[in-house]
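So the chains spell out like this:
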Amino acid sequence: MIAFVLQRVLQAVAVMLTVALVAFSLFRFVGDPVINMVGQDTPEEERIRIREQLALDKPVVVQYFRFVQQIVTGNFGTSLRTGIPIGQLMAERLPATLELAIAGGIFALAIGMPMGVYTGLYPRSGLSRTFLSISLIGVSLPTFLIGILLILLFSVVLGWLPSFGRGDVVHLGFWSTGLLTASGWQSIIMPAITLGMFQLALIMRLVRAEMLEVLRTDYIKFARARGLSNRAIHFGHALRNTLIPVITIVGLQLGALIAFSIITESVFQWPGMGLLFLQAVQFADIPVMAIYLVLIGFLFVLINLVVDLLYYVVDPRLRVDVSAARGG
Amino acid sequence: MATDRSNVPLLEVSNLRVEFATRRGPLVAIDDISFSIAPGEVLGVVGESGAGKSLTGTAIIGLLEPPGGITAGEIRLAGRRIDNLPHDEMRKIRGKEIGAIFQDPLTSLNPLYRVSEQLIETIRTHLPMDASQARARALTLLQEVGIPGAAERLDHYPHQFSGGMRQRVVIALALAAEPKLIVADEPTTALDVSIQAQIISLLKRLCREHGTAVMLITHDMGVIAETADRVAVMYAGRIAEIGPVQDVVKRPLHPYTTGLMGAIPAIGHDVHALTQIDGSMPRLDSIPRGCAFNPRCTKVFDRCRVERPDPIPQGRTAVACWLYDGAGR
Ligand SMILES: Nc1ncnc2c1ncn2[C@@H]1O[C@H](COP(=O)(O)OP(=O)(O)OP(=O)(O)O)[C@@H](O)[C@H]1O
Ligand code: SF4
Ligand SMILES: [Mg+2]
């Protein structure tokens, strides 16, 4: 167990270093960062001073490690556009994105799982076919289109839900939440559905496929032969065995939800990190873009790590138990 | 409904027919077979791969799955017809009155549940016991099937047991509610040769002690010779010959059985290796007219190619072969 965790953590560190390298190379691609910072007209001596101050005259490797070191110590630099420390910017935006991603994930899971189980248990029923067709739409419709259609229907035509923003937020220490106000709840519904739609279809199809697969196994046949009730077989034996791959995908998809919330955030003007990133791209605000990349990478890696550890909870075969040597 | 007549066989299969619906019409996999099993009796079922042995067992426990299904005949358990029961009624019979053991113990147990959980849920599904009574029974069962250190191993997961031990757990599960009949479909084929004999003798001993009848499906004539009271030889979805094991083994009547019995292998040997019959069993969609065995039979004559032979009684044996029509008796 300890060896396993250690190995995973080392892998995670390696991945993060790679992500940091990509983020770091952003700075190189976009011309002279000093000119970007201070503009063309600054005198040469001034530029050299800044260059030395930022260690830009040192070898690339040294610069890279300085970059990593800064990030690790929480010094994320400042935004070129606004001059605000990036750490502060991200801290403001992170709760919005995470709340949106989690709401989208819960929406996808809460609807997708039961639909998947149902279509797996009754593959021939008419309702199952309907679900499958709907899921095909969910997979193939582009996110922004779903968002725009929702806005059109619920904001423009019906006027039930706000078309943009996050509603009123409540600050709880460093965390700002929209989930404690009515307008916050109203605001998150459509973005969460938009963001979760693809994942919903994905989870449904995955659960269905796994369910069909598991129902064909010998242990399900044996469970039937033992006379267990359908409920025990379907929701105990079968569902539990489908959970392993589902956890993997859902976990990975949570990362994807965070990363791909960019589109949803821009459609709904959701004040999250994705929107921040888009603004940063428009202004070539490299430090913000770089830190965004690193942060997203970090969330991905963190989620993967948690998923791996969750396996242990679900699958006893992975819990290596020294005391239980195999009998003859 | 008649139940307690002492001469009623425990299991009575009559004129059973199992078909698969296919796009090109029904495919007959079990064609009009009849046999019975007395209380406490061990009926061996042998035959080449694809003869319909598993399908017969599956039909009895009511687990045929579409497109397969029973299209004719009936199955009676202690006089009560069970082939047309509603799903939930049949569920109550499975495990309670008919237990089942399948080929592969490695995959018969749910990997995510402790052995104790699987035993207890089975016990409590069928017997009116509370959790602690069921647990006590689970422990007794594990001890009965000879799992060393049963008390400690009760809460282990299946992957913590070896193949042989897992099959013992499977046997414990099949016996959990004291069924009157166990359908054992090649219970040792997937096991190490060295363990096969142990498992068979365990099964035999337990069933004798509990008075449980067994339908023992196997490829292994050696197992049949040592374990079964009677044996049914299946060929292409029909019963070629059925009778007391000594008779069938020592004096096989059907030309197919004669071929099979060319030599009785020691336990653990596969009958295939010793089969000296030329050719192979026909596929379901190309079973010849008349006797299904006629293309391979050394004694074939004209009638065999036209008329299908039904089982003809020969002493305690019944044999589906025209050679015995009018003969004997
Ligand atoms: N789902 C199915 N669809 C069509 N045919 C099937 C299906 N399942 C089984 N069969 C056919 O039914 C016949 C009998 O199969 P069965 O599994 O009972 O054979 P068996 O005697 O148990 O063979 P083995 O010794 O290999 O286990 C075979 O010819 C098989 O091809
Ligand atoms: S009926 Fe004819 S073909 Fe069939 S086994 Fe007997 S002799 Fe052979
Ligand atoms: Mg079989």
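Residues numbered from 1 in each chain as written. Chains lettered and ligands numbered in written order. Predicted model: local features only at pLDDT ≥ 70, side-chain atom pairs only at ≥ 80, totals over all residues. Heavy atoms only, no water.

### Quick look at helix 11 (residues 273-282) of chain A
Residues and elements named next belong to chain A. We count it as follows: Relative accessibility thresholds used throughout: buried, under 20% of the residue-type maximum; exposed, over 50%; partly exposed, between the two (1.4 Å probe, protein chains only). Put simply, DSSP H or I for four residues or longer makes a helix, DSSP E for two residues or longer makes a strand, and each gets a number counted from the N terminus. Should any heavy atoms of two residues lie within 4.5 Å, those residues are counted as being in contact.
Within helix 11 the residues assigned to the buried category are Met273, Gly274, Leu275, Leu276, Phe277 and Ala280. Buried residues along helix 11 sit in contact with helix 5 (86-121), helix 10 (230-267) and helix 12 (286-314). After helix 11 finishes, the residue alanine 284 shows a positive phi value of roughly 50°.

### With respect to the domain arrangement of chain A
Residues and elements named next belong to chain A. Operational definition: What counts as a domain boundary in this text is fixed by an automatic or database domain assignment. The term buried area means the drop in 1.4 Å probe accessible area that two parts suffer when joined, counted for both and summed. One speaks of a salt bridge when a side-chain nitrogen belonging to Lys or Arg is within 4 Å of a carboxyl oxygen belonging to Asp or Glu.
Annotation of chain A at the domain level lists domain 1 (2-72) and domain 2 (94-318). Distance from the C-alpha centre of domain 1 to the C-alpha centre of domain 2: 34 Å. Counting residues at the interface gives 16 residues for domain 1 and 14 residues for domain 2. Across the domain 1/domain 2 interface, buried area totals approximately 1300 Å², and carbon plus sulfur atoms make up 91% of it. Looking only at domain 1, the three residues that lose the most surface to domain 2 are Phe4, Met16 and Leu26, adding up to 35% of its buried area. Scanning the region where domain 1 abuts domain 2 turns up zero salt bridges.

### Digging into the confidence of the model for chain A
To keep things clear, this is the line we draw: Across the chain, each position has a pLDDT score giving the predictor's confidence in that residue, from 0 to 100.
Of all residues in chain A, 93% have pLDDT values of 70 or greater, and the mean over the chain is 84. Element-level mean pLDDT values for chain A span from 67 in helix 2 (residues 33-38) of chain A up to 94 in helix 9 (residues 218-225) of chain A.

### What about the layout of surface pockets?
Spelled out, the test is: A cavity here means a set of points on a 1 Å grid, drawn over the protein atoms and nothing else, where a 1.4 Å probe fits but cannot get out; a pocket is an open set with protein on both sides within 12 Å along at least five of seven lines, and a residue lines either one if it has an atom within 4 Å of a point. Grid points are joined across faces, edges and corners, and a volume is the space filled by probe spheres set on the points. The classification used treats Ala, Val, Leu, Ile, Met, Phe, Trp, Tyr, Cys and Pro as nonpolar, Asp, Glu, Lys and Arg as charged, and all other residues, Gly among them, as polar.
Considering only enclosed or pocket space, the largest pocket measures out at about 1200 Å³ in volume. Along the walls of the largest pocket sit 35 residues, with Arg224 of chain A together with Leu63, Leu64, Glu65 and Pro66 of chain B positioned nearest its centre. Broken down by secondary-structure element, the contributors of at least two residues to the lining of the largest pocket are helix 5, helix 8 (182-215), helix 9 and helix 10 of chain A together with helix 1 (53-60), strand 4 (68-77) and helix 2 (87-93) of chain B. Take the lining of the largest pocket: its biggest share by element is five residues, from helix 1 of chain B. Residue composition of the lining of the largest pocket, by class: 18 nonpolar, ten polar and seven charged.

### Points about the packing of helix 5 of chain A against helix 11 of chain A
Residue and element names in this part refer to chain A. Keep this limit in mind: Here an angle of 0 to 180 degrees is reported between the N-to-C directions of two axes, which are lines fitted to C-alpha atoms, with helices fitted over the stretch in contact. Angles below 35 degrees are treated as roughly parallel, those above 145 as roughly antiparallel, those between 65 and 115 as roughly perpendicular, and all remaining angles as oblique.
Between helix 5 and helix 11, the shortest axis-to-axis distance is 7 Å and the interhelical angle comes to 130°. Judged by the inter-axis angle, helix 5 sits oblique to helix 11. Here Leu89, Met90, Arg93, Leu94 and Thr97 of helix 5 come into contact with helix 11, specifically with Met273, Gly274, Leu275, Leu276 and Gln279. Residue classes in the contact of helix 5 with helix 11 are distributed as six nonpolar, three polar and one charged.

### So, the site of ligand 2
Here is the rule we go by: Note on terminology: near, applied to a residue and a molecule or strand, indicates that one of the residue's heavy atoms is within 4 Å of it. For a molecule to be placed in a cavity or pocket, more than half of its atoms must lie within 2 Å of the grid points of that cavity or pocket.
Close to ligand 2 lie His254, Pro255, Cys291, Phe293, Asn294, Cys297, Lys299, Cys304, Cys321, Trp322 and Leu323 of chain B. Of all the cavities here, the one that holds ligand 2 is the largest cavity.

### Description of the site of ligand 1
Residue and element names in this part refer to chain B. In plain terms, the rule: Contacts described as polar in this section are N or O atom pairs within 3.5 Å, which, within protein, must combine one atom able to donate a hydrogen with one able to accept it, while residues neighboring in sequence count only if both atoms come from side chains.
In the neighbourhood of ligand 1, 13 residues make up the surrounding shell, with Ser49, Lys53, Ser54, Leu55 and His219 lying closest. Between serine 49 and ligand 1, the recorded distance is 2.4 Å, taken from a side-chain N or O atom to an oxygen atom. Taking leucine 55, its main chain carries an N or O atom lying 2.8 Å from an oxygen atom of ligand 1. Of the residues forming the shell around ligand 1, the biggest block, three residues, is contributed by helix 1. Partitioning the shell around ligand 1 into residue classes produces five nonpolar, five polar and three charged.

### Here we look at the sheet that holds strand 9 (residues 230-235) of chain B
All names here are of chain B. Note the following rule: When DSSP finds at least two bridges between two strands, those strands are taken to pair.
A sheet is described by the order of its strands in space; here eight strands give the open sequence 6-7-8-3-9-10-12-11, paired in mixed fashion. Looking at the sheet topology across the chains shown, the edges are occupied by strand 6 (98-101) and strand 11 (312-314). Here the average twist between neighbouring strands, direction ignored, is 20°. Of the strand pairs in this sheet, strand 6 and strand 7 (residues 181-185) are connected by four bridges, and their pairing is parallel. What sits directly across from isoleucine 101, in strand 7, is alanine 184. Helix 7 (residues 163-175) contacts strand 6 and strand 7 of the sheet and is inclined by roughly 170° relative to strand 6. On the sheet, helix 8 (residues 193-210) packs against strand 6, strand 7 and strand 8 (213-217) and is oriented at approximately 160° with respect to strand 8.

### Comments concerning the interface of chain B and chain A
Between chain B and chain A, the contact holds 35 residues from the first and 27 residues from the second. When the two sides are added together, the surface that chain B and chain A hide from each other amounts to roughly 2800 Å², 55% of it contributed by carbon and sulfur. When the buried surface of chain B facing chain A is broken down by residue, Phe102, Leu112 and His159 of chain B rank first, second and third, together holding 22% of it. The interface formed by chain B and chain A includes one salt bridge. Close ionic contact of arginine 226 of chain A with glutamate 121 of chain B constitutes a salt bridge, the shortest N to O distance being 3.5 Å.

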